[in-house]
Structures are given as C-alpha cells and as structure tokens.
Amino acid sequence: MKFLILSCNTGQGHNSAANALCEKFISMGHECVVKDTLRYCSKVVSKSISKSYDKIVLHTPKAFGVGYRFSKSIVYKGGKRKSAVYAVNMTYSKRIYRDVVQNNYDAIICCHVFPAQAMTHIRHKYNLQKPVFVVATDYSFSPFYDELDVDRFFVSLPEVKHEYTERGIPEEKIITSGIPISERFVSDITKSQARTKLALSQNKFLCLIMSGSMGFGNIFTLIDEMLKKPLPNYEILVIAGNNNKLRRSINETYSKYDNVAAIGFTDKVHLYMRASDMVITKPGGLSTTEAMVSNVPLVLVNPIPGCETENYNCLTGLGVALEGNSIDDAILAFESLVIDNVISEQTIRNQKKYINRNSSGDICNYIINYVKK
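Just so it is clear, the model here is predicted, and its values are computed rather than measured.

Engineer: Looking at this structure, how should I read the overall build of the protein?
Structural biologist: Each helix and strand counted, the protein has 16 helices and 12 strands in total. Expressed as a percentage of the 373 residues in the protein, the buried residues total 54%. Taking contacts inside the protein between residues at least 6 apart in sequence as the whole, the part at least 24 apart equals 68%. Carbon and sulfur atoms make up 50% of the accessible area of the protein, which amounts to about 16600 Å² in all.

Shown next as structure tokens:
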C-alpha cells in the first residue's frame, strides 16, 4: 500500500509523530512519504508561518493562549459553520488533491489540523473517495477538530474521548491509540546499557533537562536552585538542541561544577532518556510521550498556555508526571525523586498503566486493515 502523511512545521511534535508513523509503515513493507502541508503553498510560506509561530509562542505566550482558548470555545458541530483558518487551508487544497490523485495514495494521514481541514474541503469539493485519518499529538481535543470530515481520529487516551463526543464527533470514529513515537524509544535497552553507550556514570542520579523553548532565565534559576540542595551523588545534563548559545552559556556558567553539563543537538535522545533517573521538560505531546514510554519519571515545567497547559493538567492528574509549574514545584519534585524511590516507582507504574508503548504499530495496523476493508 501507499500512504501520504501530512504534517506541519508549527512545532516539531507534529513532524515527530508523522515520521514515527512513516518509519513504521516502511518497516511493515509499505510505501510512505511525509510532506509539509504548507509547502503546497510555497517554501517561503511554510518558513514564514513556522517562524511566526515560534515567535508568538516564545515572546507572547499569553496572547497565544488567549487565541487558543478563543478558537477552542467556538463550536462547529454539524459542519455548517467554518472557521477562518479552514478558509485559509482551502486555498491550497487543489494542489494536495492533484498530488493524491497523481500518486494514487491509498490513504491520507493528517498529523495537524491544517491538512485535515484541507482534506475535508477536498472531500466535499472533489468527492475524493480515499480514507482520511487524523492523529492527535496532544492530550486534549484541539481547536477546529469538530469541523473536520474524516474517517477516524486517533487520540491519546480514553480519558479524553469525552471531549470529542461532546463536540459532536461520533464515538465510533474515535480510536484511543496513544500518540505515535519512534520505535527507538520503546527498545528494551536497560539504563545501564544506555549509560555505557553514552559514556555516563553508572552510579549517579542523572537529571536530564530538555530545554525546548524554555527561556534562559528559567533554566539558570532552576539549575542554581538544584545546586543549592545538599543532595548526594547527582548530575544535571541539559540537552540544548540547536541552541548553541544556551549550550555554551551553561557550560561556561557552571564550569566549576563537575556535575553540570550541556550538550547540543543529538540523535541519541532515546538513549539519554533511557539513561536518566528523571526528565525535566515542557509538556509537549511528543516529548512527554517519548519520556513516558522510556519509563522515566517526568517533571513538567513552563507549559505554553493552550495545548501544553491541557497536557500538563492531564498528565499530572493521571500521576504519570510530576508538577513543576513553578521553580519551587520543580525543585520539590527533584528532591523527592532523588531521595524517595517510592515516588519514582509509582510514577513509572502509572506510565505503564496509561501510556501505550505500541501506538505507532497500532495506528498503522488499524489503517492498513481499514483500507483493506
């Protein structure tokens, strides 16, 4: 079979989910390609929207939250009303339609609402008889989902299904699959083996900080407060990604400490997570899922108002992650995990209870069987 996965560069979680599914389809012997939806407009438009999104989220998160809540408050049940965002995504839908027809894809999978809106318009205007699926990448119902005409929604947890049904989405269209993540994160490699591969100490408590979009001040304040605690035998490792300025600054600021270090971009995040005793990160849907399937205690910090706030509330409410919404909360969680194995063990038990390690395979198998029928 041949599958098209449509993603979007507004946050890397959507691309990570898309690539995880593509990786799985190919491993199962099928053809699959991932495309950036906004590139159907142009490369310039895609980069422009991506940069604008990053700037809004980083510099005016409260405004982003207000816009998110407003968008989510509008009900599109019944399909008669369409959003302004839907109207924008109609404009390039013909290009997607031509691509789907020319390449004769068996199904289209949308890892973002933008392509799902475009595909809804294509179905109505061109009467396209191809299955269309939406894969949610957060632990909540996303704005505009209720104006979509798709075959199935793959959602994170049974606990969020009611949000979909309350917005008029038929229950039979909602599949609780979990959020798809790369197979690398579900390997059976042990903590000791991961540390050996990464040349890390075998006998120290390792706190991994995933910097993401977290601001400079918050990271430095967090590390400063952690270092004040008279706790034994621990290390702090920051993954700064492509933020080389942050990496250099951390290594220079804490050069006198032998238990603090920062690294840049790495393709071994799965190993670092497996090697860690705790992970501190923002509550993005993909990064949290990757940590939870790695069965490492998770402390959530600095949620962006909107979907990340909802992720934070959902995951801390289920006990699969610990609260770190303030520096004091994060430090308390850090101390608790260093000192108390019981909290760590309970968090991991909850992760195993609620989080599906085989989400990518389950989604791909469902889609394949659906297309066959």
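Next comes the rest of the description.
Engineer: Where do I start with the sheet that holds strand β8 (residues 234-239) in this structure?
Structural biologist: The strands making up a sheet associate through hydrogen bonds between their backbones, and the pairing can be parallel or antiparallel. Spatially, β9-β8-β7-β10-β11-β12 is the arrangement adopted by the 6 strands of the open sheet, whose pairing is parallel. The sheet is open, and its two borders are formed by β9 (260-263) and β12 (322-323), each paired with just one other strand. Both strand β11 (residues 298-300) and β12 contribute to a ladder of 2 bridges, which runs parallel. Note that in β12 the partner of Leu 300 across the bridge is Glu 323.

Engineer: Looking at this model, I keep getting lost on unusual backbone geometry. Mind explaining?
Structural biologist: One non-glycine residue with positive phi stands out, namely Asn 104, at about 50°. Here Asn 104 is to be found in the loop between α5 (93-103) and β3 (107-110). In this structure, Asn 127 takes a positive phi of about 55° despite not being glycine. Among the structural elements, Asn 127 can be located in the loop between α6 (113-126) and β4 (132-135).

Engineer: Even after reading the chapter, I still don't get the environment of Glu 323, so can you show me in this structure?
Structural biologist: Along the chain, Glu 323 turns up in strand β12. Along the primary structure Glu 323 and Leu 298 are separated by 25 residues, whereas in three dimensions their C-alpha atoms are 8.7 Å apart. Discounting residues that sit within four places of it in the chain, Glu 323 has contacts with Val 299, Leu 300, Tyr 312, Thr 316, Asp 329, Ala 330 and Ala 333.

Engineer: What is the right way to read the nonpolar core from this model?
Structural biologist: Across soluble globular proteins, nonpolar side chains show a tendency to be buried alongside one another. Ranked by size, the top nonpolar core spans 54 residues in total, and within it Phe 3, Ile 5, Phe 25, Ile 109 and Ile 367 carry the most contacts. Once residues lying within four places of it in the same chain are set aside, the contact partners of Ile 109 are Phe 3, Leu 4, Ile 5, Leu 6, Leu 21, Phe 25, Phe 133, Val 135 and Ile 367. Tyr 40, Tyr 92, Cys 110 and Ala 136 belong to the second-largest nonpolar core, a separate cluster that totals 33 residues.

Engineer: Is there a simple way to explain the state of the cysteines in this structure?
Structural biologist: Such a bond, covalent and formed between the sulfur atoms of two cysteines, is termed a disulfide. On inspection of all chains with the given rule, the structure shows 0 disulfides. Cysteine Cys 32 is unpaired, with the sulfur of Cys 22 as its nearest cysteine sulfur at 3.6 Å. Cys 32 sits in the buried class, given a relative accessible area of 16%. Cysteine Cys 110 remains unbridged, with the sulfur of Cys 111 as its closest cysteine sulfur at 7.8 Å.

Engineer: Explain the packing of α5 against α6 here, please?
Structural biologist: Packing of α5 against α6 leaves a shortest axis separation of 9 Å and a crossing angle of 75°. Comparing the axis directions of α5 and α6 gives the class roughly perpendicular. On α6, the residues that touch Ser 93, Lys 94, Ile 96 and Tyr 97 of α5 are Ala 118, Met 119, His 121, Ile 122 and Tyr 126. Here the contact of α5 with α6 is built from residues that sort into 6 nonpolar, 2 polar and 1 charged.

Engineer: Whenever I open this one, the sheet that holds strand β2 (residues 31-36) confuses me. Can you help?
Structural biologist: Pairing in this open sheet of 6 strands is parallel, and the strands run β2-β1-β3-β4-β5-β6 from one edge to the other. Two strands lie at the open edges of the sheet, namely β2 and β6 (174-176), each paired on one side alone. Going from strand to strand, the sheet's axes swing by 20° on average, the running direction of each strand aside. Looking at chain direction, strand β1 (residues 2-7) and β3 are connected through 4 bridges and run parallel.

Engineer: In this structure, what is going on with the packing of aromatic side chains? I would like to understand it.
Structural biologist: The description of an aromatic ring pair rests on the distance of the ring centres and on the angle between the ring planes. Summed over the entire model, instances satisfying the criterion amount to 14 aromatic pairs. For the ring pair Phe 153 and Tyr 164, a centre distance of 5.9 Å and an interplane angle of 65° mean the geometry is edge-to-face. Taken together, the positions of Phe 153 in strand β5 (residues 152-155) and Tyr 164 in helix α7 (residues 161-165) put the pair 11 residues apart, joining distant regions of the chain. A relative accessible area of 0% places Tyr 164 in the buried class. Clustering of aromatic rings is evident, with ring pairs tying together Phe 133, Phe 154, Tyr 366 and Tyr 370. Above the face of the Tyr 105 ring, Lys 2 is positioned so that its terminal group lies 5.5 Å from the ring centre. Over the aromatic face of Tyr 86 sits the side chain of Lys 82, whose NZ or CZ is 4.8 Å from the ring centroid.

Engineer: Quick question: what am I supposed to make of a positive patch on the surface here?
Structural biologist: A surface patch of like charges, here positive, comprises Lys 94, Arg 95, Arg 98 and Lys 125. Ranked by the residues each element gives to the positive patch, the list is headed by α5, at 3 residues. By the element assignment, Lys 94 lies in helix α5. A residue is classified by how much of its surface remains accessible, and Lys 94, at 43% relative accessible area, is partly exposed.

Engineer: Please explain the pairing of β3 as it appears in this structure.
Structural biologist: In summary, the side chains of a regular strand alternate between the two faces of the sheet. Here β3 shows a buried face lined by Ala 107 and Ile 109 and a second buried face lined by Ile 108 and Cys 110. When β3 meets β4, the two strands line up parallel, connected through 3 bridges. Residue pairing in the sheet places Cys 110 in a bridge with Val 134 of β4. Read as a crossover between parallel neighbours, the route from β3 over α6 to β4 is right-handed.

Engineer: Just checking my understanding: could you explain helix α13 (residues 307-318) for this structure?
Structural biologist: One turn of the α-helix equals 3.6 residues, which is why residues spaced by three or four share an orientation. The end-to-end C-alpha distance of α13, which contains 12 residues, comes to 17 Å, matching closely the 16 Å that a straight helix rising 1.5 Å per residue would cover. Positioned one or two residues after α13, Gly 319 has a phi angle of 75°, which is positive.

Cut-offs and rules
- Within every chain, residues take consecutive numbers counted from 1 along the sequence as written.
- Reporting in this predicted model follows two pLDDT cut-offs: at least 70 for local features of residues, and 80 or more for side-chain atom pairs to be given and counted; totals over whole chains, interfaces and linings ignore these cut-offs and use all residues.
- As a convention, hydrogens and water are excluded, and side-chain values are obtained from all of the structure's heavy atoms.
- In this description a helix means any DSSP run of H or I spanning at least four residues, a strand means any run of E spanning at least two, and both kinds are numbered starting from the N terminus.
- Remark: exposure states derive from per-residue accessible area (1.4 Å probe, protein chains only) relative to the maximum for the residue type, with buried under 20%, exposed over 50%, and partly exposed in between.
- Only heavy atoms enter the contact rule, under which two residues are in contact if any of them lie within 4.5 Å.
- Here the accessible surface of atoms and residues is derived via Shrake-Rupley with a 1.4 Å probe, and residues count as covered only by protein chains that are part of the display.
- Think of it this way: DSSP has to see at least two bridges between two strands before they count as a pair.
- Each nonpolar core is a collection of buried residues, namely Ala, Val, Leu, Ile, Met, Phe, Trp, Tyr and Cys, held together in the definition by side-chain atoms within 4.5 Å.
- By disulfide we mean two sulfur atoms from cysteines, separated by a distance within 2.5 Å.
- Under this scheme, a helix contributes an axis fitted over its contacting stretch, all axes are lines through C-alpha atoms, and angles between N-to-C directions fall in the 0 to 180 degree range.
- Roughly parallel covers angles under 35 degrees, roughly antiparallel covers those over 145, roughly perpendicular covers 65 to 115, and oblique covers all other angles.
- Each residue is assigned to one of three groups, with Ala, Val, Leu, Ile, Met, Phe, Trp, Tyr, Cys and Pro labelled nonpolar, Asp, Glu, Lys and Arg labelled charged, and all others, Gly among them, labelled polar.
- Working definition: a ring pair exists when centres of Phe, Tyr or Trp rings (six-membered ring for Trp) sit within 6.5 Å. Plane angles under 30 degrees give stacked, over 60 give edge-to-face, the rest tilted.
- Look at NZ for Lys and CZ for Arg. If either is within 6 Å of the ring centre and within 35 degrees of the ring normal, a charge sits over the ring.
- Patch building starts from residues that exceed 30% relative accessible area and form no salt bridge, then joins like charges within 9 Å and nonpolar side chains (Val, Leu, Ile, Met, Phe, Trp, Tyr) within 5 Å.
- Any carboxyl oxygen of Asp or Glu that lies within 4 Å of a side-chain nitrogen of Lys or Arg is treated as forming a salt bridge with it.
- By the counting scheme adopted, Arg and Lys are positive, Glu and Asp are negative, and His together with the chain ends is not counted.
- Just so you know, the charge point we use is NZ for Lys, CZ for Arg, CG for Asp and CD for Glu.
- By convention a crossover is right-handed if, when the strands point away from the viewer, the path from the first strand over the helix to the second runs clockwise.
- A helix is expected to span 1.5 Å multiplied by its residue count minus one.

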